[in-house]
Amino acid sequence: MFRAPSLFLASLLTLPLAVPASAAALADTLAPTGTLRAAFLGDNPVLGRVNAETGGVTGPVADLVKELARRIGVPYTLIPSPGARDILSRLQAKTADIGFMAYNSGRAADADFSTPWLLMPNSYIVRADSPLMKVADADRAGIQITAVKNDTQDVYLASNLKNNRVNTVPATPSPDEIHDMLMGGKTDAFAANRQRLLEVAGRFRDLRVISDDYFVAGQAIAVSKGDPSKIDAVNRLLDEVLATALVKSSIDSAGLRGVKAAQPRGH
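Here is what the cut-offs are and how they apply
Residues numbered from 1 in each chain as written. Predicted model: local features only at pLDDT ≥ 70, side-chain atom pairs only at ≥ 80, totals over all residues. Heavy atoms only, no water. Salt bridge = Lys/Arg side-chain N within 4 Å of Asp/Glu carboxyl O. Helix = DSSP H or I, 4+ residues; strand = E, 2+ residues; numbered from the N terminus. Buried < 20%, exposed > 50% of the residue type's maximum accessible area, 1.4 Å probe, protein only. Phe/Tyr/Trp six-rings, centres within 6.5 Å; stacked < 30°, edge-to-face > 60°. Axes fitted to C-alpha atoms, helices over the stretch in contact; angles between N-to-C directions. Parallel < 35°, antiparallel > 145°, perpendicular 65-115°, else oblique. Left-handed = near helix turned anticlockwise from the far one by under 90°. Contact = heavy atoms within 4.5 Å. Nonpolar A, V, L, I, M, F, W, Y, C, P; charged D, E, K, R; others polar. Core = buried A, V, L, I, M, F, W, Y, C linked by side-chain atoms within 4.5 Å. Arc of directions from axis to C-beta. Pairing = 2+ DSSP bridges.

A. Spatial organisation of the pattern of salt bridges. Evaluation of the coordinates by the stated rule reveals 16 salt bridges. A salt bridge links Arg-71 to Glu-67, with the shortest nitrogen-to-oxygen separation between them at 2.7 Å. Taken as a pair, Arg-71 and Glu-67 lie in helix 2 (residues 60–72) at a separation of four residues, close to a single helical turn. By relative accessible area, which is 25% here, Arg-71 ends up partly exposed. Glu-67 gets classed as buried once you look at its relative accessible area, which sits at 13%. Asp-213 is paired through a salt bridge with Arg-194; the nearest N and O atoms lie 2.7 Å apart. Of this pair, Asp-213 sits in the loop between strand 12 (207–209) and strand 13 (215–224) while Arg-194 sits in helix 7 (residues 194–203); the two residues are 19 residues apart in sequence, bridging distant segments of the chain. For Arg-194, a relative accessible area of 11% gives the class buried. Among the charged side chains, a salt-bridge network with shared partners connects Glu-67, Arg-70, Arg-71, Arg-236 and Glu-240.

Structure follows, in structure tokens:
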């Protein structure tokens, strides 16, 4: 399970000598302290990876935040978070300016979300000898499905399974814990994003990932609720960045599988 370093904030300076007026206005909106403070799910390999020794962050979130900060002429800080509730609390308390996580209706009650910037497929991991071959095979009575409570997978499956229900665990299990759950008969299928599942299956030959996906989540940027200027500023910047190859290049550099950059609005 990911635990954020107790006092870690990964910060880099990206301040140009001169800032256009339009960028300065965006900076006032998105980074009122003068630094763009970005919280993200620190245990999600699709978003980024935290070096346990140095605290450094690499991956799509790190690259995107660096570019957003460059475009508005401010330094930035990356804040690895243990969960979506922590990110939402930081946005509400104004200790973070933007937060990275997938949109769902429950989270939207507490924050405003941008359009997607990255598309993340979700599936199940099962025992290698499981009869489950497609995601539809799990949607029947008698099959035990497990997901992390209130995570994107839990929210989606709870609303879309027709013949089954989801059992939940309170926090993301470690790869060893997922292996023990499946091999010990505590669950038949564990639901998570495909990248996380492929990494677990890569460690254990007696596990495999189902070949298809039950849905593709749009990873978005959240801001504190009720300020249209903030979400408008984020969407404007995302449109500019997504018109370039930055997110795709970052996905490729991180070696992520099945993950795609979203398209800017109007495409």
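The rest of the description comes next.
B. Layout of the packing of aromatic side chains. According to the stated counting rule, one finds six aromatic pairs in the structure shown. Ring-pair connections join several aromatic residues into one group, and the members of that group are Tyr-124, Tyr-156, Tyr-214 and Phe-215.

C. Summary view of the packing of helix 2 against helix 9 (residues 246–254). Axis separation between helix 2 and helix 9 bottoms out at 9 Å; the angle between their running directions is 150 degrees. Considering the angle they form, helix 2 stands roughly antiparallel to helix 9. The interaxial crossing formed by helix 2 with helix 9 has right-handed handedness. Contacts between helix 2 and helix 9 involve Pro-60, Asp-63, Leu-64 and Glu-67 on the former and, on the latter, Leu-246, Ser-250, Ile-251 and Ala-254. Class assignment for the residues of the contact of helix 2 with helix 9 results in five nonpolar, one polar and two charged.

D. How the structure looks around the packing of helix 2 against helix 8 (residues 228–242). With their axes 11 Å apart at the nearest point, helix 2 and helix 8 run at an angle of 110 degrees to one another. One element, helix 2, and the other, helix 8, form an angle in the roughly perpendicular class. Crossing geometry of helix 2 relative to helix 8 is assigned as right-handed. Contacts from Leu-64, Glu-67, Leu-68, Arg-71 and Ile-72 of helix 2 reach helix 8 at Leu-237, Leu-238, Glu-240 and Val-241.

E. Structural detail: the nonpolar core. Grouped together as the largest cluster of nonpolar side chains are 71 residues, with contacts concentrated most on Leu-36, Leu-78, Ile-98, Phe-100, Trp-117, Tyr-124 and Ile-221. Those residues in contact with Ile-221, other than ones at most four positions away along the chain, are Leu-64, Leu-68, Ile-98, Gly-99, Phe-100, Asp-112, Phe-113, Ser-114, Trp-117, Ile-231, Val-234 and Leu-238. Listed in part, the 14 residues of the second largest apolar core include Ile-125, Phe-190, Leu-197 and Ala-201.

F. Structural view of helix 7. Restricting attention to buried positions, one finds in helix 7 the residues Arg-194, Gln-195, Arg-196, Leu-197, Val-200 and Ala-201. Where helix 7 is buried, its residues contact strand 3 (49–50), strand 8 (118–127), helix 6 (175–183), strand 11 (189–193) and strand 12.

G. Inspection of the environment of Val-65 at higher detail. Tracing the backbone through its elements, the reader meets Val-65 in helix 2. Val-65 gets classed as buried once you look at its relative accessible area, which sits at 0%.

H. Structural context of helix 6. Within the span of helix 6, buried status applies to Ile-178, His-179, Met-181 and Leu-182. Around the axis of helix 6, the buried residues are gathered within 160 degrees of arc, so they sit on the same side. Buried-residue contacts for helix 6 involve strand 8, strand 9 (145–148), strand 10 (166–169), strand 11, helix 7 and strand 12.

I. Local environment of the pairing of strand 6 (residues 98–102). Judged by how many residues are buried, strand 6 sits mostly within the fold: five of five residues are covered. Taking every second residue as pointing to the same face, both faces of strand 6 are buried, with Ile-98, Phe-100 and Ala-102 on one and Gly-99 and Met-101 on the other. Sheet analysis places strand 2 (residues 36–41) next to strand 6, joined by three bridges and oriented parallel. Paired with Ala-39 across the strands is Gly-99, a residue of strand 6.

J. Main features of the environment of Leu-238. Structurally, the position occupied by Leu-238 is in helix 8. Given a relative accessible area of 1%, Leu-238 falls into the buried group. Between the alpha carbons of Leu-238 and Pro-116 there is a distance of 8.8 Å; along the sequence they are 122 residues apart. Not counting residues within four places of it along the chain, the set of residues in contact with Leu-238 comprises Leu-64, Ser-114, Thr-115, Trp-117 and Ile-221.

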